[in-house]
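Structural overview
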Amino acid sequence: MGFLARLGGLRFAVVVLTAMTALQMTLIAFGNITDFGTNQAFVQHVLAMDTTFRSPDMMWRAISSPGLQNAAYVVIIAWETLTALVLIAALVQWIRARAATARRLSSLGWVMWVLLFGVGFLAIGGEWFQMWQSEKWNGLQPALQNFLIATVALVVAHLPERQATGQEGRAAGN
């Protein structure tokens, strides 16, 4: 019996989500590594808060040190790379039909994804560094998009699977 034949509908969806997100995070990390400067500028401007409303009551939060900005960016890239590797490992486990390990690794990868985009970009970048105020350096929409992808994947991965009973009508709830 082939790999795809062993997969039920829900499990197949989880495998597809794992593969898609593993590819997406790999491409995100690869892009940030090979084109370091593009998103480096994004991180620098968000942390410096130089395109916000510049309220004196908020500007004390700004990080203007290029060394600290670059360190933050390198941590982001390392987290992205680690997340991609976890999701790739999950996909390998799905292919090897080790569902329990695969589900744990997929979930770990998606929680890492949620932490990056939910905590890192939406909460810290968006609120602490007031990214929402910037017309040019506002990454809230892509961050929300990524947060939702991982959240949906987590929910789907933890839905209860129906077991085949041999009587398709009963198994489907008819």
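Scoring rules and cut-offs
- Residues numbered from 1 in each chain as written.
- Predicted model: local features only at pLDDT ≥ 70, side-chain atom pairs only at ≥ 80, totals over all residues.
- Heavy atoms only, no water.
- pLDDT = per-residue confidence, 0-100.
- Contact = heavy atoms within 4.5 Å.
- Helix = DSSP H or I, 4+ residues; strand = E, 2+ residues; numbered from the N terminus.
- Expected span 1.5 Å × (residues − 1).
- Buried < 20%, exposed > 50% of the residue type's maximum accessible area, 1.4 Å probe, protein only.
- Polar contact = N/O pair within 3.5 Å; in protein donor to acceptor, adjacent residues only side chain to side chain.
- Phe/Tyr/Trp six-rings, centres within 6.5 Å; stacked < 30°, edge-to-face > 60°.
- Lys NZ or Arg CZ within 6 Å of the ring centre and 35° of its normal.

When the pLDDT values of the protein chain are averaged, the result is 92; 89% of them are 70 or greater. Taken as a whole, residues 167–174 scores under 50 in pLDDT and shows 7 contacts with residues more than four places along the chain or in a different chain.

To continue, consider helix H2 (residues 36–48). The periodicity of an α-helix, 3.6 residues per turn, causes residues three or four positions apart to be oriented the same way. Under the 1.5 Å per step criterion, the end-to-end length of H2 is 18 Å for 13 residues, consistent within 8% with the ideal 18 Å. Along H2, the positions that sit buried rather than exposed are Gln40, Phe42, Val43, Val46, Leu47 and Ala48. Taken together, the buried residues of H2 touch helix H3 (66–95) and helix H4 (99–128). At the exit of H2 stands methionine 49, carrying a positive phi of roughly 55°.

A few words now on the environment of threonine 51. As for its placement among the helices and strands, threonine 51 is situated in the loop between H2 and H3. Remark: the alpha-carbon pair of threonine 51 and glutamine 133, spanning 82 residues in sequence, is separated by 7.5 Å. If we skip the residues at most four places from it in the chain, threonine 51 touches Gln133, Ser134 and Trp137. Engagement of the side chain of threonine 51 in a polar contact is seen with the side chain of serine 134, the distance being 2.6 Å.

Within the fold, glycine 125 resides in helix H4. Among the residues examined, glycine 125 registers a relative accessible area of 6% and is labelled buried. For the pair formed by glycine 125 and methionine 49, sequence separation is 76 residues and the distance between their alpha carbons is 9.7 Å. If near-sequence neighbours (up to four positions away) are discounted, glycine 125 is found in contact with Val46, Gly120, Gln130 and Met131.

Let us look at the packing of aromatic side chains. Applying the stated rule across the entire model yields 6 aromatic pairs. Between tryptophan 60 and tryptophan 128, the ring centres sit 5.4 Å apart and the planes meet at 90°, which makes this aromatic pair edge-to-face. You can see tryptophan 60 sitting in the loop between H2 and H3 and its partner tryptophan 128 sitting in helix H4, a full 68 residues away along the chain. Overall, the relative accessible area of 57% leaves tryptophan 60 in the exposed class. Relative to phenylalanine 121, the ring of phenylalanine 117 lies with its centre 5.3 Å away and its plane at 25°, an arrangement referred to as stacked. With phenylalanine 117 and phenylalanine 121 both in helix H4 and 4 residues apart, this pair spans about one turn of that helix. Taken individually, phenylalanine 117 and phenylalanine 121 each receive the classification buried, so the pair is uniform in this respect. Note that arginine 61 overlies the ring of tryptophan 128, its terminal NZ or CZ placed 4.2 Å from the centroid.

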